[in-house]
Each structure stands twice: as C-alpha cells, then as structure tokens.
Amino acid sequence: MQSQTSAPGNQTVSPTQLYTWKGYRCAYEVQTPPDASTGTGTPLLLIHPIGVGLSRHFWQRFGREWYQAEHRNPIYNPDLLGCGNSDMPHVTYTPEDWAEQLQYFLQTVIQQPVILVVQGALFPVAIALTQLQTGTNLIRGLVLSGPPAWPVMTKASKPWQQRLSWNLFDSPLGIAFFRYARRPQFLRSFSTKQLFDRTEAVDQEWVDMLVQGAQDPASRHAVFAFLAGFWRQNYEQAIAKIQQPTLVVVGETASSISRSGKQETPDQRIADYLAHLPQGRSLKMTGRNVMPYETTTEFVQAIAPFVQELSQ
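Below or above, wherever it landed, is the structure these notes cover. (Residues numbered from 1 in each chain as written. Predicted model: local features only at pLDDT ≥ 70, side-chain atom pairs only at ≥ 80, totals over all residues. Heavy atoms only, no water.)

1. Some points on the overall build of the chain
Spelled out, the test is: Secondary structure elements are defined from DSSP: runs of H or I of at least 4 residues count as helices, runs of E of at least 2 residues count as strands, and each element is numbered from the N terminus. When we talk radius of gyration, it's over C-alpha atoms, and the globule rule is simply 2.2 Å times the number of residues to the 0.38. Only protein chains enter the accessibility calculation, which uses a 1.4 Å probe; a residue whose area is less than 20% of its type maximum is buried, one above 50% is exposed, and one in between is partly exposed. Using a 1.4 Å probe, the Shrake-Rupley method yields the accessible areas, and only the shown protein chains count as cover for residues. The convention is simple: Lys and Arg are positive, Asp and Glu are negative, and His and the chain ends are not counted. The atoms used to mark charge sites are NZ of Lys, CZ of Arg, CG of Asp and CD of Glu.
A tally of helices and strands in the chain yields 13 helices and 10 strands. Computed over C-alpha atoms, the radius of gyration of the chain comes to 18 Å, within 12% of the 20 Å expected from 2.2 N^0.38 for 312 residues, which places it in the range of a compact globule. Seen through its principal axes, the chain has C-alpha atoms that stretch 50 × 45 × 40 Å. Looking at the chain as a whole, 56% of its 312 residues are labelled buried. A total of about 13300 Å² of accessible surface is found on the chain, and carbon and sulfur atoms cover 50% of it. For the chain, the separation between the mean place of its 25 positive charges and that of its 24 negative charges on side chains is 7 Å.

This is the structure in structure tokens:
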C-alpha cells in the first residue's frame, strides 16, 4: 500500500491505489484521521451513486466532515468498475457485478468487517453484497442514504425492456445524449430539479466534479447500464433477509425520479422499509436525495451514533 499524504485540514487521504479484479484495474482511496497512520473503530465502506460524472469523489465532503467531527473510523472509498479511475469496459453492468467487485475488495484489501454507507439507488449493490456473505460475515451494518422509493425497489423491469433500452443507449443516439448530458448547464439543471433541496446547494464544486468525471466517454457505459434498468428487480424478499442492523436515512423533501414512486411521502418510504428490514431503524433529516453532499454536517451527525454503536 502506498504512503499516505496529508489533506488540508482534518484528514489523511491515501493516493489513488489500485487492485486487480477479473483482469480489470479498480481504484480506491483510504482516509484516516490526520493524527494517526490508521483509524480506529469499524471501517466504513462507501458505495457511490451511478450517474453522469459520478464516482468516489461524491464522498469527499463526507470524509472531510467525518474527521472534522473527530470520528476516527477508517474510510475505504472505492471507484466501482466503469467509474472514476477504475477501468471502464463496454459491458452491461449489474448490481451483482459491482457486489462481486466489492466482495473481492473486502476480502483482499480491507480484510475486516465494515459498515456499508450506500447512496441512493445503489442499495441493490449492497443487497447483493450481503447475499455473498457466507462463513465470515464482513458486513456489520448498513447505512442507506436516500434509498429509492419502495415501489421502485419492488417492481422489476422486464428483461426485454432492459435490453431495448441498452441497445438505444449503446448507439450513436446514446453517444449524442451523453455529450449533451455532461454539459455544465444540463448537470446543474438536473441536479436542481431532481437531487438537491436548495438551488444554491448545487455549487460550482459539484458541477466541476461531474464535468471532470464525465470527460472520459467510456464512463457512459456504467451510466447507461443503470438507466437501462439492469438493477430494477423486486427486492422485497431479499431485503427481508438482511440480518445486519440497517439505518434508513431519508430526506425531509425526498423525491423519486421514477413515476412509480412519485406519490410516496418520506414517511411512507420509511414505514415501508422498516416493515421489511428485520433490524431496521430510521431517521428523517434535512435535505432531499443527496444528503452526504448537500447537508454533510447534518448527515454525519445523524449517522454517527449508529456507526459508533456498531464499532463497539
């Protein structure tokens, strides 16, 4: 593992590090408190969302705030295959693919139990990852930040629809759409309409991060696989089998892009998840759909007691 470098203010961040999984180079970074070479407590494994320009950098504000609040858990922040500094093969990515990548990462790099912190619609990746835990369980608990509306998580899309959507995206039309979608104007407009509670929270740092992350046109493959709905399944029974303590964090103005979840209120979303998670607990907080970025301080304060409880 490479030597670590100090980040401004309140954390130590390793340089981008690489491991190989199924012949692909996969990138990650490790964050620790500034006054120690390693952290203490159960590590956090962060799962970033999928979207135009999104990667592990989504979690940068969270990492800074976590250590500013004097928490000491080490943070493992990987790029999923197809994103960031990881390889970007031209394949139809599924939650099971990314879960297998993370399971290998757990077994070979982290090598100890973790608490998953999962953003948004990447919850299916966490579900698949919990299903891979046999023998030694490497997942101690889960934090779900803005999980999808319950109707979205329990309505499977048809395979022919997924394939048709993929074929449309995987065409010159899709390439043209990606070029349009990575423009700063589009990214700012979409974020304002669909992700953030406050217009002013869609700051230049956010837009610049997305523009930079979308520079490589090969990053479109993961985005298009997500948009094609390869993750859309009925997860109701799988969620009911999650035995680890799970904290569901929902924004006070949470919304859903999918039509099937448009009418759901935040309270209804929480109630549905708690009705199915064997060890579920919940909280509602300021923000909409990307609380770790928009309301970082409040998000850290909200999840810290749960993390510290599981770290003891």
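Now that the structure is up, let's keep going.
2. Topic: the packing of aromatic side chains
Condition: A pair of Phe, Tyr and Trp rings is counted when the ring centres sit within 6.5 Å of each other, with Trp represented by its six-membered ring. The angle between the planes then sorts it: under 30 degrees is stacked, over 60 is edge-to-face, the rest tilted. For a ring to carry a charge above it, either NZ of a lysine or CZ of an arginine must fall within 6 Å of the ring centroid while also lying within 35 degrees of the normal to the ring plane.
Considering all chains together, one arrives at 24 aromatic pairs under this definition. Between Y28 and F105, the aromatic rings sit 5.0 Å apart at their centres with planes inclined by 65°, giving edge-to-face as the arrangement. Highlighted residues: Y28 in strand 4 (residues 24-32) and F105 in helix 2 (residues 95-110), separated in sequence by 77 residues. For Y28, a relative accessible area of 5% translates into the label buried. Geometrically, the ring pair formed by F196 and W206 is edge-to-face, given 5.0 Å between the ring centres and 75° between the ring planes. Separated by 10 residues along the polypeptide, F196 in the loop between helix 7 (184-194) and helix 8 (204-213) and W206 in helix 8 bring together distant segments of the chain. Here F196 falls in the buried class, since its relative accessible area comes to 1%. On the basis of relative accessible area, W206 is assigned to the buried category, the value being 1%. The aromatic ring of Y293 is capped on one face by R61, whose charged end is 4.0 Å from the ring centroid. R232 extends its terminal NZ or CZ atom over the ring of W231, reaching a point 5.5 Å from the ring centre.

3. Some thoughts on the nonpolar core
One recurring pattern in soluble globular proteins is that nonpolar side chains are buried together. So the rule is basically this: Among the buried residues, those of types Ala, Val, Leu, Ile, Met, Phe, Trp, Tyr and Cys that are joined through side-chain atoms within 4.5 Å form a nonpolar core. By definition in these notes, contact holds between two residues if any of their heavy atoms fall within 4.5 Å.
Core analysis: the largest hydrophobic core is formed by 97 residues, its most contacted members being F62, W66, L116, W206 and I303. Among the elements that make up this core, the one with the highest residue count is helix 13 (residues 296-311) (eight residues). Setting aside anything within four residues of it in sequence, one finds I303 in contact with F62, W66, V143, L247 and V249.

4. A few points about the pairing of strand 3 (residues 17-21)
Our working rule: A pair of strands counts as paired when DSSP detects no fewer than two bridges linking them.
Burial of strand 3 is one-sided: the residues Q17, Y19 and W21 facing one way are buried, the residues L18 and T20 facing the other way are not. In textbook terms, the turn of a hairpin is the stretch between consecutive antiparallel strands, and for strand 3 and strand 4 this stretch comprises two residues, one of which, K22, has a positive phi near 50°.

5. Quick notes on the environment of I139
Relative to the helices and strands, I139 resides in strand 8 (residues 139-145). Note on I139: relative accessible area 3%, which makes it buried. Measuring from C-alpha to C-alpha, the distance between I139 and L46 comes to 12 Å, with 93 residues separating the pair along the chain. Look past the residues within four positions of I139 in its chain and what remains in contact with it is V114, L116, L129, T130, Q133 and Q244.

6. Topic: the layout of surface pockets
Regions of empty space are outlined by a rolling probe, equal in size to a water molecule, passed over the atoms. Filter applied, for reference: Think of a 1 Å grid over the protein atoms and nothing else: a 1.4 Å probe that fits but is trapped marks a cavity, an open set flanked by protein within 12 Å on at least five of seven lines marks a pocket, and residues with an atom within 4 Å of a point count as lining. Grid points are joined across faces, edges and corners, and a volume is the space filled by probe spheres set on the points. Note on residue categories: nonpolar means Ala, Val, Leu, Ile, Met, Phe, Trp, Tyr, Cys or Pro, charged means Asp, Glu, Lys or Arg, and polar means any other residue, Gly included.
Volume-wise, the largest pocket comes out at about 1300 Å³. Secondary structure elements with two or more residues in the lining of the largest pocket: helix 5 (159-169), helix 6 (172-181), helix 7, helix 8 and helix 9 (220-227). Considering every element that reaches the lining of the largest pocket, the biggest residue donor is helix 7, with five residues. Residues that form the lining of the largest pocket fall into these classes: 28 nonpolar, 15 polar and four charged. Estimates place the volume of the second largest pocket at around 190 Å³. Looking at the lining of the second largest pocket residue by residue, the classes come out as one nonpolar, eight polar and one charged.

7. Describing the pattern of salt bridges
As a working rule, side chains carrying opposite charge can pair if their charged atoms are close by. Let me state the cut-off plainly: Here a salt bridge means any side-chain nitrogen of Lys or Arg lying within 4 Å of a carboxyl oxygen belonging to Asp or Glu.
For the structure on display, the rule yields 12 salt bridges. Here R56 ties to D79 by a salt bridge, and the two come within 2.5 Å at their closest N and O atoms. Of this pair, R56 sits in the loop between strand 5 (44-47) and helix 1 (60-68) while D79 sits in the loop between strand 6 (75-78) and helix 2, and the two are 23 residues apart along the sequence.

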